[in-house]
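Spelled out from the first residue to the last, the chains are:
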Amino acid sequence: MANGSELAEAGSPAPSSGAGGAGGGGGGSGGPAALGLKLASLSLILCISLAGNVLFVLLILRDRHLHRAPYYLLLDLCLADGLRSLACFPAVLLSVRRGAGAVGGAPPPGALGCKLLAFLAVLFCFHAAFLLLGVGVTRYLAIAHHRFYAKRLTGWPCAAVVCVAWVLALAMAFPPVLDVGTYRFVREEAQCTFEHRHVGANDTLGFMLMLAAVVGATHLVYLRLLFFIYDRRKMKPAQLVPAVSQNWTFHGPGATGQAAANWTAGFGRGPTPPTLVGIRPGPGGQARRLLVLEEFKTEKRLCKMFYMITLLFLLLWGPYIVACYLRVFIKAGAVPQGYLTTSVWLTFAQAGVNPILCFIFNKELRVCFRAHFPCGQSPQTTQGTLLCDLKSIGI
């Protein structure tokens, strides 16, 4: 079933893009008010996205205390969102300003440029989805298998997760470049993107099912993590085992740190105390702590932050995904233009909300931000630097 773009290519007069509300390109029956609202809102999204993502990238690169696995993945996510805003949004602004949705003809960037912009838009969308799935898996490992996580998930494994996310996104975004499916200017959306046509016209259905499967799998990982935490809350309290005393050394299963202190100080000639509870030997003979309560709370806060990012990704992309499924299974005209325009603008907003969420749900980022950008507040600066130093040594 042909939609407005196909009719325009065939030489037929294109339907008015503002039939169901504000025009997709800003030149329909919505009028100057709708055009101004679109330009103002997208300009605001562009500024917030660039400022917020660049600021967080600089903060993560600058602060050595943030050079850890979760922040490496957050760094890549912020970089991708910033690049998406810089590469794709100016072309949308230009098309809205020129009213490309209401008049026929070639899209503002030209045929080749439009295909490139569509490729980048789809690439960044799937990269965010695949990366959030990888983040969910690492969050589960951080809580359920902390020993493995702390030992194995360092810089290079994080780089591997990032590379896998980009490779999978490239595998999804590249085939339409070779006209498997189609990349073109969709006037109803005022952007160059993947054109979602009826299920019998191209491979749109498989394209959308993959995105839905990745987002659904990410939420299943977080659901499994929630069940894991809930099961551990129901565990019985630990039974204390009395320590064995030999000349004030107090060794055995119930021994604490005082046993090592007494033995080191020379009290008694009993056997060497075993490895202290909560301590495991690290590289070079150094002791490394297991997941204690404070570290567990830190990992839970990071889980909460990343899940809010994942949930907001679903909420902001959800209306547009619903519109795409309606066009796939019913027809292009089944989606009101006002709903379609709003859903498209929500997907644009997703590129700028992640820094805001990180600032709200991550106390460590807020403190480190005040440490590097004090804004004339010296007490907070001192407190922030001290807390970051404590975080770096695991206190």
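These figures come from a predicted structure and were not determined experimentally. (Residues numbered from 1 in each chain as written. Predicted model: local features only at pLDDT ≥ 70, side-chain atom pairs only at ≥ 80, totals over all residues. Heavy atoms only, no water.)

Caption draft 1: How the structure looks around the state of the cysteines. Applying the stated criterion across every chain yields a total of 1 disulfide. Between Cys114 and Cys192 runs a disulfide, and the two sulfur atoms are separated by 2.1 Å. The chirality of the disulfide connecting Cys114 with Cys192 is left-handed, given an S-S dihedral of about -115 degrees. One end of the pair, Cys114, is in helix H4 (residues 110–144); the other, Cys192, is in strand E2 (residues 191–194), and 78 residues separate them in sequence. Judged on exposure class, the residue Cys114 and its partner Cys192 are both buried. (Disulfide = S-S within 2.5 Å. Helix = DSSP H or I, 4+ residues; strand = E, 2+ residues; numbered from the N terminus. Buried < 20%, exposed > 50% of the residue type's maximum accessible area, 1.4 Å probe, protein only.)

Caption draft 2: Geometry of the packing of aromatic side chains. Following the criterion strictly, the structure yields 14 aromatic pairs and no others. Measuring from ring centre to ring centre gives 6.2 Å for Tyr325 and Phe329, while their planes differ by 5 degrees; the resulting arrangement is stacked. Placement of the pair is Tyr325 and Phe329 together in helix H9 (residues 293–329), with a separation of 4 residues, close to one helical turn. These aromatic residues form a ring-pair network of at least three members: Phe126, Phe130, Tyr183, Phe194 and Phe207. (Phe/Tyr/Trp six-rings, centres within 6.5 Å; stacked < 30°, edge-to-face > 60°.)

Caption draft 3: Representation of the packing of helix H2 (residues 31–62) against helix H10 (residues 337–361) within the structure. Across the interface, H2 lies against H10 with an axial gap of 9 Å and an inter-helix angle of 30 degrees. Considered as vectors, H2 and H10 are oriented roughly parallel to each other. The hand of the H2/H10 crossing is left-handed. Side by side, H2 and H10 meet where Lys38, Ser41, Leu42, Ile45, Ile48, Ser49, Gly52, Asn53 and Phe56 of the first sit next to Thr341, Trp345, Phe348, Ala349, Ala351, Gly352, Pro355, Ile356, Cys358 and Phe359 of the second. The residue makeup of the contact of H2 with H10, split by class, is 12 nonpolar, 6 polar and 1 charged. (Axes fitted to C-alpha atoms, helices over the stretch in contact; angles between N-to-C directions. Parallel < 35°, antiparallel > 145°, perpendicular 65-115°, else oblique. Left-handed = near helix turned anticlockwise from the far one by under 90°. Contact = heavy atoms within 4.5 Å. Nonpolar A, V, L, I, M, F, W, Y, C, P; charged D, E, K, R; others polar.)

Caption draft 4: The arrangement of a nonpolar patch on the surface in detail. Where nonpolar side chains cluster on the molecular surface, the patch consists of Val199, Val322, Leu326, Phe329, Ile330 and Tyr339 and spans about 480 Å² of accessible area. With respect to the helices and strands, the residue Tyr339 is situated in helix H10. (Patch = residues over 30% accessible without salt bridge, like charges linked within 9 Å, V, L, I, M, F, W, Y side chains within 5 Å. Areas by Shrake-Rupley, 256 points an atom, 1.4 Å probe, with all protein chains shown as cover. Salt bridge = Lys/Arg side-chain N within 4 Å of Asp/Glu carboxyl O.)

Caption draft 5: Broad picture of the side chain of His219. Assignment of secondary structure puts His219 in helix H7 (residues 204–233). Using a relative accessible area of 18% as the deciding quantity, one classes His219 as buried. Excluding anything up to four places from it in sequence, His219 contacts Tyr307, Thr310, Leu311 and Leu314.

Caption draft 6: Representation of the confidence of the model for the chain. In the predicted model, the chain carries a mean pLDDT of 76, and the fraction of residues at 70 or more is 67%. Taken as a whole, residues 378–382 scores under 50 in pLDDT and shows 4 contacts with residues more than four places along the chain or in a different chain. Overall, residues 389–395 carries pLDDT values under 50, and its contacts beyond four positions in sequence, including any with other chains, amount to 11 contacts. (pLDDT = per-residue confidence, 0-100.)

Caption draft 7: Representation of the environment of Val96 within the structure. Looking at where Val96 falls in the secondary structure, it is placed in helix H3 (residues 69–98). Judged by its relative accessible area of 1%, Val96 falls in the buried class.

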